Amino acid sequence: MHEDMMAWEKHVEQELRGKKASSLDWEAAEGIKVKPLYSAEDLEGLEHLGSLPGAPPFVRGPYASMYPGRPWTIRQYTGFSTAKESNTFYRKNLAAGQKGLSIAFDLATHRGYDSDNPRVAGDVGKAGVAIDTVEDMKILFDGIPLDKMSVSMTMNGAVIPILASYIVAAEEQGVKQDQLLGTIQNDILKEYLCRNTYIYPPEPSMRIIADIISYCSANMPHYNCVSISGYHIAESGANCVLQTAYTIADGLEYVKTAIRSGLQVDDFAPRLSFFFGIGMNFFMNIAMLRAARFLWSEEMQQFNPKNEKSRMLRTHCQTSGWSLSEHDPYNNIVRTTIECMSAVLGETQSLHTNAYDEALGLPTEFSERIARNTQLIVQQESQICRVIDPLAGSYYLESLTGSIIKAARAVMQEVSDVGGMAEAIAAEIPQRRIEEAAIRTQARIELGKDVIIGENQYKLAEEADVPVREVSDAAREQQILALKHIKKTRNNVAVQQALDHITELAAAEGNLLQAAIVATRLRATVGEISTAMEKVFGRHQTQAEIITGAYASVYAKDEHFQAVQQQIKGIAEKLGRKPCVLTAKMGQDGHDRGLKVVSSAFADLGFEIMISPMFQTPAEVAKQAIEHDVHIIGISTLAAGHKTLVPMLMEELKKQGGEGIKLVVGGVIPHQDYDFLYSLGVVAIFGPGTNILDAAERILATIK
């Protein structure tokens, strides 16, 4: 074999006119060096080889029969506006071939606010469905039998009232708790790490998770009580190694929490599930899923489970939202197909494929149909489901799997050394690793080192308008009317007693989910139940920090980068201070990857950067901008609230005397909304994929 490799290297040298084979080597974002050719020598010493599907360490899949026995579940993640509109959409999708439901809740619901709360004026129904009471939940599942339909719910902050509403809605449909099928995400550590849709501080939030695991283990034997999510870790910028390591580390923290609460590992571990994000490095993402199964099986041995299923990693996957490009968006159909194939060849148990227009706005029925049919075609036409783990034995894939196992172990050891994932998050270790990775990725794309077709290569001279879904503010008005009716017709004395009991349990002991179920039957609202716990737990708040140097390190001696730095220095000399930018997110949207990347890059360029606290109202953002005398406010938006929140901010700036402050907006904004924002006085709009140096120059041109 060694002689064969030497002969191949000579052929390469001849074909490339004297260049060595090593010149074809490439280093992936994970820090893994990738060679142009792999052989049997690359399999020597790999510890994960040799197992069969359905047997520890489950590298080749958690079940013996895998897809030949049962294909993955097609589970599209969706929800918008009101429960009635979402229910109509779900029933159409199920009739068209979707096999399970995955519920997207709006940001007001995630953060434990009812729709009539003034802090959520721009959030109701915009990025998911609004759920205020069990009546909404009943409408959401009208005509959908909950004893037969597997339902996944992405909910962490307001997990207690939402799960209680689901249980009571099923009861009133005639379905017992032990018949319920599906998953509640219930993964709060990931929220502190990257997504930010938390409500309470970490300690009481971990207590809530333990209460849910305990209740579900006793009453809902077919229900997955925690779904440990790597998806949002990946969307925040993590590569496959970081996603694997931090997802497994989160899962171990939940296992330890449940055991400390008095449960035996086999009481709950078989019902834990996972959720991974799948990006565009095709083979790396396949290897990631195989490596994750190996590592989970290995790590779970420390708890001495008697049931093999306690070591089994079962996962849902979703194709990347971040990899979708605003430019030439029909290319996203191809990207999603590649990512779909990667998830399937990695042996996922269920899958959501993103719609091509999600970098522009909320997906339409047309784009959702293409996304769903992508899975149907792969599942029913490609013949992939005929064979289990068909790429097993590939020199390249097995080497990648081994490399991810080794690299992820090193990251997990760093977490273990500080006392586990909760302590690591408190010390902001994983946050910094992820943010640095995101910043470097952005810089590589801008320099053309990472190619995005239609964005930094083969760009269209003119972009066509693509229709997107729009949710009007009428959804909030409908929810408010429904809330008023419920509060008028329920037994308010009994509701208050049930809420007081929840507050008492929060300060003492007792199962909070069980108490919330009682309150929900009486028609207590999501916001009321959340507030009852908040009285004891408080509401968590964090402040983002700027990471300096990561963006500049990739650009090094780039002439454009240096030219922009000189422009900023010139303006600073003219103004007598650095040009100052306040970056902010308004409303309840916690997705802050873009805000952090831009803030860090602008700081490296020489701007004075301030980051507003999360979840601010327009009035609060305006007040901070005026108090600190900033030149520019940069609003980051992802959740379709820009047509409500930006006008409110402009009005507040006028009211508070900040008319001279310029406003720029960046994020997921449909092109048909640009004229509306410009008419308000917005000076620049930056969509996904905007080159940061170009954005900086446009902003500098507005500063006098």
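The structure under discussion appears in the preceding block.
Being a predicted model, the structure only gives us computed values, none of them experimental.

Caption draft 1: Geometry of a nonpolar patch on the surface. Together, Met280, Val334 and Ile338 make up an exposed nonpolar region whose accessible area comes to about 230 Å². Of note, Met280 is situated in the loop between strand S10 (272–278) and helix H12 (282–300). The exposure class of Met280 is partly exposed, given its relative accessible area of 36%.

Caption draft 2: Examining the sheet that holds strand S12 (residues 350–352) more closely. Within the open sheet, the 5 strands sit side by side as S3-S12-S11-S10-S9. Their pairing is parallel. Of all strands in the sheet, those bounded by a partner on one side alone are strand S3 (73–74) and strand S9 (226–229). In the sheet, S9 pairs with S10 via 4 bridges, with the strands oriented parallel. Counterpart to Val226 in the pairing with S10 is Leu272.

Caption draft 3: Local environment of the packing of H12 against helix H13 (residues 331–345). Running from N to C, H12 and H13 cross one another at 30 degrees; their axes reach a closest spacing of 8 Å. Here H13 runs roughly parallel to H12, going by the angle between their axes. When you trace H12 past H13, the crossing you get is right-handed. Each of Phe282, Asn285, Ile286 and Leu289 in H12 lies in contact with H13, whose residues at this interface are Ile338, Met341, Ser342, Ala343 and Leu345. Residues of the contact of H12 with H13, tallied by class, amount to 7 nonpolar, 2 polar and no charged.

Caption draft 4: Just helix H18 (residues 474–489), in detail. Compared with the 22 Å implied by 1.5 Å per residue over 16 residues, the 23 Å span of H18 between its first and last C-alpha is a close match. Regarding H18, the residues found buried are Ala475, Arg476, Gln479, Leu483 and Ile486. Seen end-on, H18 carries its buried residues on one side only, within an arc spanning 90 degrees. Pointing more than 90 degrees away from the buried face of H18 are the exposed residues Glu477, Leu481, Lys484, His485, Lys488 and Thr489. Packed against the buried residues of H18 are helix H5 (134–140).

Caption draft 5: Just the packing of aromatic side chains, in detail. Using the criterion set out here, one finds 20 aromatic pairs in the structure. Taken together, a centroid distance of 5.4 Å and an interplanar angle of 20 degrees make the contact between Tyr192 and Tyr198 stacked. Using a relative accessible area of 9% as the deciding quantity, one classes Tyr192 as buried. Here the aromatic rings of Tyr330 and Tyr356 are separated by 5.0 Å at their centres, their planes lie at 40 degrees, and the arrangement is tilted. Note that Tyr330 is positioned in the loop between strand S11 (315–319) and H13 and Tyr356 in the loop between S12 and helix H14 (365–381), a separation of 26 residues in sequence. Owing to a relative accessible area of 45%, Tyr330 belongs among the partly exposed residues under this scheme. Judged by relative accessible area, Tyr356 falls into the buried class, the value being 4%. The positively charged end of Lys35 is found above the aromatic ring belonging to Tyr38, 5.0 Å away from the centroid. Taking the ring centre of Phe676 as reference, the NZ or CZ of Lys643 above it sits at 5.5 Å.

Caption draft 6: A look at the environment of Gly587. One can find Gly587 in the loop between strand S13 (580–584) and helix H24 (593–605). On the basis of relative accessible area, Gly587 is assigned to the buried category, the value being 2%. On a C-alpha basis, the gap between Gly587 and Met614 in space is 8.3 Å, while along the polypeptide they are 27 residues apart.

Caption draft 7: Here's a closer look at the environment of Gln562. Here Gln562 lies in helix H23 (residues 559–575). With near-sequence residues (within four places) excluded, Gln562 lies in contact with Ala556 and Lys557.

Caption draft 8: Representation of the sheet that holds strand S17 (residues 684–686) within the structure. Pairing within the open sheet is parallel, and its 5 strands lie in the order S14-S13-S15-S16-S17. What marks the edges here is a single partner per strand, and that holds for strand S14 (608–611) and S17. The mean angle between the axes of side-by-side strands here comes to 20 degrees, regardless of whether they run parallel or antiparallel. Running at roughly 165 degrees to S13, helix H25 (residues 618–627) makes contact with S13, S14 and strand S15 (632–637) of the sheet. Packed on one face of the sheet, helix H28 (residues 692–700) meets S15, strand S16 (662–667) and S17 and runs near 170 degrees to S17.

Rules used throughout
Residues numbered from 1 in each chain as written. Predicted model: local features only at pLDDT ≥ 70, side-chain atom pairs only at ≥ 80, totals over all residues. Heavy atoms only, no water. Patch = residues over 30% accessible without salt bridge, like charges linked within 9 Å, V, L, I, M, F, W, Y side chains within 5 Å. Areas by Shrake-Rupley, 256 points an atom, 1.4 Å probe, with all protein chains shown as cover. Salt bridge = Lys/Arg side-chain N within 4 Å of Asp/Glu carboxyl O. Helix = DSSP H or I, 4+ residues; strand = E, 2+ residues; numbered from the N terminus. Buried < 20%, exposed > 50% of the residue type's maximum accessible area, 1.4 Å probe, protein only. Pairing = 2+ DSSP bridges. Axes fitted to C-alpha atoms, helices over the stretch in contact; angles between N-to-C directions. Parallel < 35°, antiparallel > 145°, perpendicular 65-115°, else oblique. Left-handed = near helix turned anticlockwise from the far one by under 90°. Contact = heavy atoms within 4.5 Å. Nonpolar A, V, L, I, M, F, W, Y, C, P; charged D, E, K, R; others polar. Expected span 1.5 Å × (residues − 1). Arc of directions from axis to C-beta. Phe/Tyr/Trp six-rings, centres within 6.5 Å; stacked < 30°, edge-to-face > 60°. Lys NZ or Arg CZ within 6 Å of the ring centre and 35° of its normal.

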